[in-house]
Amino acid sequence: MSFFDYFKSKKKSTASVAKERLQIIVAHERGMRDQPDYLPQLQQELIAVIRKYVQIDDDMVQVELDRNEDCSVLELNVTLPEHQP
Amino acid sequence: MAKIIVVTSGKGGVGKTTTSASISTGLARRGFKTVVIDFDVGLRNLDLIMNCERRVVYDFVNVIQGEASLNQALIKDKRVETLYILPASQTREKEALTQEGVERVLNELAETFDYIVCDSPAGIEHGAQMALYYADEAIVVTNPEVSSVRDSDRILGILQSKSRRSEMGLDPVKEHLLLTRYNPDRVDRGEMLSVGDVEEILAIPLLGVIPESQIVLNASNQGMPVILENDSDAGQAYEDAVGRLLGEEREHRFLTAAKKGFFSRMFKG
Ligand SMILES: Nc1ncnc2c1ncn2[C@@H]1O[C@H](COP(=O)(O)OP(=O)(O)OP(=O)(O)O)[C@@H](O)[C@H]1O
Ligand SMILES: [Mg+2]
């Protein structure tokens, strides 16, 4: 084992990186499964409205619907950029 | 009552056809009257793996469209007494598989067979949905690799929302995880997701782990379901999976790397 390999081995294994990425994406996609079909479009339109005022990326707006027995909550999460002129 | 088992995955090339051939052969070898159906219309391959490609006269779509009877289309396996193959059409579109047509054929098969194994095409579109729609149980074939695991999770979602059992509010389709092309050496080196990792993410019961093995290619070259290679690791792993499918307790094998010498263990990495 070379000197450099010693430091390399301290890095996280690629398998554990794969596992973490999968856990995140699978949880996200499971959440999406039970969502109504109109949500993606709603999300796009909300992004368009917000962009009239603030420059944001697509992934900075999250829309989710939480359905319970007698009421549903539409949750809108907007991350704004740090420095706005 | 016949049991309908779909072999599915979402992602292509992970080992569905290899698995369908071995699981159906394993069930038939135990005396169950078993038919394996190729749902991969347009890309028929099960016939090659089962070594009956030159005996195909009529196919699944011919039967659905009333151009041939089931008896004319079913091919009797030459090695295992109670095994039959229903080949896919090579020339039609996947849309030729209508829901009513598939149902009619499955119902007719269910009158005489114990097990109906459905080899799904890749993807999550019409062909894959037809293959899983009538299933009682699903074998979700997964490779220890990110895109395969993600696609397996999507297929699980479809099983839970778009199968006959889910739509009719019956007991859910019984799900089984079959991890294939597993390489314990690479898992040890941290280069491949482990069985435990995949089980944790997909959260369904483990039916078996099939090691990555050169025998699989050798067997398919000759049209031999790998389960018939009794001395091989992959063949034995498939035989164990058949046992578990039938409710037997079997310890998982082939999960650890071949023992290494002292030096290679010291200096691994
Ligand atoms: N355990 C294994 N070890 C080594 N090779 C394997 C193993 N299982 C499958 N393979 C190889 O992987 C390839 C794809 O297998 P197979 O055709 O069964 O996949 P599939 O999921 O049916 O593909 P498709 O999605 O195209 O229908 C084949 O070349 C096969 O020999
Ligand atoms: Mg296939």
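Residues numbered from 1 in each chain as written. Chains lettered and ligands numbered in written order. Predicted model: local features only at pLDDT ≥ 70, side-chain atom pairs only at ≥ 80, totals over all residues. Heavy atoms only, no water.

J.: Quick rundown of helix α12 (residues 233–245) of chain B? Include the residues and the values.
T.: Given 3.6 residues per helical turn, the α-helix brings residues three or four places apart onto the same face. Residues and elements named next belong to chain B. Taking 1.5 Å per residue, 13 residues should reach 18 Å; α12 reaches 18 Å between its end C-alpha atoms and fits that length. The element α12 is largely enclosed, with a buried count of eleven among its 13 residues. When α12 is considered as a whole, its buried residues turn out to be A234, G235, A237, Y238, E239, D240, A241, V242, G243, R244 and L245. Buried-residue contacts for α12 involve β1 (3–8), α1 (16–29), β6 (137–142), β7 (174–182), β8 (206–211) and α11 (214–221). Between a side-chain oxygen at the N-terminus of α12 and the backbone nitrogen of G235 the separation is 2.9 Å; the capping residue is S232. Backbone geometry just after α12 places G247 at a positive phi near 95°. (Helix = DSSP H or I, 4+ residues; strand = E, 2+ residues; numbered from the N terminus. Expected span 1.5 Å × (residues − 1). Buried < 20%, exposed > 50% of the residue type's maximum accessible area, 1.4 Å probe, protein only. Contact = heavy atoms within 4.5 Å. Polar contact = N/O pair within 3.5 Å; in protein donor to acceptor, adjacent residues only side chain to side chain.)

J.: Which residues make up the site of ligand 1, and what values go with them?
T.: All names here are of chain B. As a matter of local geometry, ligand 1 sits amid 15 residues, with G13, K16, T17, T18 and S213 nearest to it. Between R181 and ligand 1, the recorded distance is 3.0 Å, taken from a side-chain N or O atom to an oxygen atom. Note that a nitrogen atom of ligand 1 is positioned 2.9 Å from one of the backbone N or O atoms of S213. In the complex, the protein chains occlude 77% of the 630 Å² of accessible area that ligand 1 would expose alone. Residue assignment for the shell around ligand 1 shows that the elements contributing at least two residues are α1 and β8. (Near = heavy atom within 4 Å. Areas by Shrake-Rupley, 256 points an atom, 1.4 Å probe, with all protein chains shown as cover.)

J.: Can you break down the pairing of strand β2 (residues 72–78) of chain A residue by residue, with the values?
T.: Residues and elements named next belong to chain A. Sheet topology places strand β1 (residues 61–67) next to β2; seven bridges connect them, and they run antiparallel. By the bridge assignment, E64 is partnered in β2 with E75. Turn length for the β1-β2 hairpin, with the two strands adjacent in sequence and antiparallel, is four residues. (Pairing = 2+ DSSP bridges.)

J.: Got a sec to walk through the interface of chain B and chain A? Specific residues and values, please.
T.: Opposite the 16 residues of chain B that make contact, chain A presents 13 residues. Contact between chain B and chain A buries roughly 1400 Å² in total, counting both sides, with carbon and sulfur atoms accounting for 57%. Taken as a group, R150(B), D153(B) and I201(B) account for 37% of the area that chain B buries against chain A, more than any other trio of residues on that side. Our enumeration of links across chain B and chain A arrives at five salt bridges. One salt bridge connects K19(A) with D197(B), and the closest N-O pair in it is separated by 3.3 Å. Connecting chain B to chain A are nine residue pairs in polar contact (both at pLDDT 80 or more). When contributions to the side of chain B that touches chain A are tallied by element, the ones reaching two or more residues are α7 (146–161) and α10 (195–202) of chain B. Among the elements that make up the side of chain B that touches chain A, the one with the highest residue count is α7(B) (seven residues). Classifying every residue of the side of chain B that touches chain A gives seven nonpolar, three polar and six charged. (Buried area = accessible area lost by both parts, 1.4 Å probe. Salt bridge = Lys/Arg side-chain N within 4 Å of Asp/Glu carboxyl O. Nonpolar A, V, L, I, M, F, W, Y, C, P; charged D, E, K, R; others polar.)

J.: Give a description of empty space enclosed by the protein that names residues and reports values.
T.: Residue and element names in this part refer to chain B. For the structure shown, the criterion picks out two cavities of 30 Å³ or more. Lining the largest cavity, in full, are T18, A21, S22, I49, V216, A219, S220, M224, P225 and V226. Elements with a minimum of two residues in the lining of the largest cavity: α1 and α11. Tallied by class, residues from the lining of the largest cavity come to seven nonpolar, three polar and no charged. Considered as a void within the structure, the second largest cavity measures approximately 30 Å³ in volume. Every residue lining the second largest cavity is listed: V209, A237, D240, R244, H252, R253 and F254. (1 Å grid on protein atoms, 1.4 Å probe; cavity = no way out; pocket = protein on both sides within 12 Å on 5 of 7 lines; lining within 4 Å. Points joined across faces, edges and corners; volume = space filled by probe spheres on them.)

J.: Help me get a handle on the packing of helix α2 (residues 14–33) of chain A against α10(B), residues and values and all.
T.: Viewed as axis vectors pointing N to C, α2(A) and α10(B) meet at an angle of 15°, and their least axial separation amounts to 10 Å. By the angle between their directions, the pair α2(A) and α10(B) is classed as roughly parallel. Like other packed secondary-structure pairs, α2(A) and α10(B) cross with a definite hand, here right-handed. Residue-level inspection shows K19(A), L22(A), Q23(A), V26(A) and R30(A) of α2(A) in contact with α10(B), the latter providing D197(B), E200(B), I201(B) and L202(B). (Axes fitted to C-alpha atoms, helices over the stretch in contact; angles between N-to-C directions. Parallel < 35°, antiparallel > 145°, perpendicular 65-115°, else oblique. Left-handed = near helix turned anticlockwise from the far one by under 90°.)

J.: Could you give me a rundown of the nonpolar core, with the residues and numbers involved?
T.: All names here are of chain B. Counting 55 residues, the largest nonpolar core has L86, L109 and I116 as the members making the most contacts within it. The element that contributes the greatest number of residues to this core is α7, accounting for five residues. Core analysis: the next-biggest nonpolar cluster, separate from the first, contains 34 residues, L178, L207, A234 and Y238 among them. (Core = buried A, V, L, I, M, F, W, Y, C linked by side-chain atoms within 4.5 Å.)

J.: Describe in detail the confidence of the model for chain A, supporting the description with residues and values.
T.: Per-chain confidence: chain A averages 83 in pLDDT, with 85% of residues scoring 70 or above. When pLDDT is averaged over each element of chain A, α2(A) comes out on top at 92 and helix α1 (residues 3–8) of chain A at the bottom at 56. (pLDDT = per-residue confidence, 0-100.)

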